[in-house]
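Geometric and topological summary
As a plain string of letters, each chain reads:
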Amino acid sequence: MTQIPHAEQLGKARTAADLVAIIALLDTALNDAIACKQELQQAEDRAVFGEGDLAAVRAALDDCNVEIALIEKTIEAADKRRVGAPQNKAGADTRAPGDEVRIKAEALGERWQMVHWLIEQLRRQLFEADALKRDIASANSRFDAAGKADLKVNMTIIRRAATTGPRAAAPAGLGASALQADKQLLSLFSPGGALDPRPAVGAPVGGATRRFSVRGRSRG
């Protein structure tokens, strides 16, 4: 099987200058292959008239044609790389981190799409949960009116049981905006939050506490 000439150097090339040098080597290899083809064509002519092994010459000529085609394609590919390659090593050193950042940017876009999708799913679940909550509250009222309190459903117990479970730990170095969003999400289930309207820990019970003097008269 015909090997690509200077394949190792071509694989290591990073800059336009590297590729120019390799293309020059490939051009030399191409000229040598063309010269070999011309010699084989002459040998083929002689073999036709009995001077030499015609089958061997034609097999060698076929191999030569394959090599020429391969070198030409390699030169074309190397030249396309040269057009988009940085001019110097500094540019090449920048290209690799740049590619890495581009890949991370694509991943970031995918993550934001997932966050958006999850938030929309959360909103839909909240809408449906609210509708069920109102239905249950209405049924509880009817049970009270009918003297069937034992049939009532305690929604607080259901909510707390459903929202109890492990929580993901926030990673170290979490950005300020992400940290704020995380606190807002957790506050939904915290005591006093939108989804758990219990009094927060330490909150006054039954309004402000009144202070009395030793005589029992109110001071305010």
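Quick caveat: nothing in here was measured; it's all calculated off a predicted structure. Each chain has its residues counted from 1, following the order in which its sequence is written. Only residues with pLDDT of 70 or above have their local features reported here, since the model is predicted, and side-chain atom pairs are shown and tallied only from 80 upward, although totals for entire chains, interfaces and linings are computed over all residues. Values shown for side chains rest on all heavy atoms present in the structure; no hydrogens or waters enter the calculation.

A word on the overall build of the chain. Each helix and strand counted, the chain has six helices and zero strands in total. Numbered from the N terminus, helices here are DSSP runs of H or I no shorter than four residues, and strands are runs of E no shorter than two. In sequence order, the secondary structure elements of the chain are arranged as α-α-α-α-α-α. A buried classification covers 15% of the 220 residues belonging to the chain. Looking at the chain alone, contacts between residues at least 24 apart form 51% of all its contacts between residues at least 6 apart. All accessibility values rest on the Shrake-Rupley procedure with a 1.4 Å probe; residue burial counts only the protein chains present in the view. Surface accessibility of the chain: about 16,800 Å² in total, with carbon and sulfur atoms responsible for 58%. For each residue, the accessible area found with a 1.4 Å probe, counting protein chains only, is set against the maximum for its type, and the residue is called buried under 20%, exposed over 50%, and partly exposed in between. Any two residues whose heavy atoms approach within 4.5 Å are treated as being in contact.

A surface patch of negative charge is lined by D32, D62, D63 and E67. For the negative patch, the element with the most residues is helix α3 (residues 54-84), which contributes three residues. By the secondary structure assignment, D32 is in helix α2 (residues 16-48). Note on D32: relative accessible area 52%, which makes it exposed. Patch building starts from residues that exceed 30% relative accessible area and form no salt bridge, then joins like charges within 9 Å and nonpolar side chains (Val, Leu, Ile, Met, Phe, Trp, Tyr) within 5 Å. Throughout this description, the term salt bridge denotes a Lys or Arg side-chain nitrogen within 4 Å of a carboxyl oxygen of Asp or Glu. Positive charges are assigned to Lys and Arg, negative charges to Asp and Glu, while His and the chain termini are left out of the count. Charge placement uses NZ in Lys and CZ in Arg. For Asp and Glu, CG and CD serve respectively.

Evaluation of the coordinates by the stated rule reveals four salt bridges. Here E44 ties to R58 by a salt bridge, and the two come within 3.0 Å at their closest N and O atoms. Placement of the pair is E44 in helix α2 and R58 in helix α3, with a sequence separation of 14 residues. Residue R58 is classed as partly exposed on the basis of its relative accessible area, which comes to 40%. Among the salt bridges present, the one from K152 reaches D144, with a minimum N-O distance of 3.1 Å. Overall, the relative accessible area of 36% leaves K152 in the partly exposed class.

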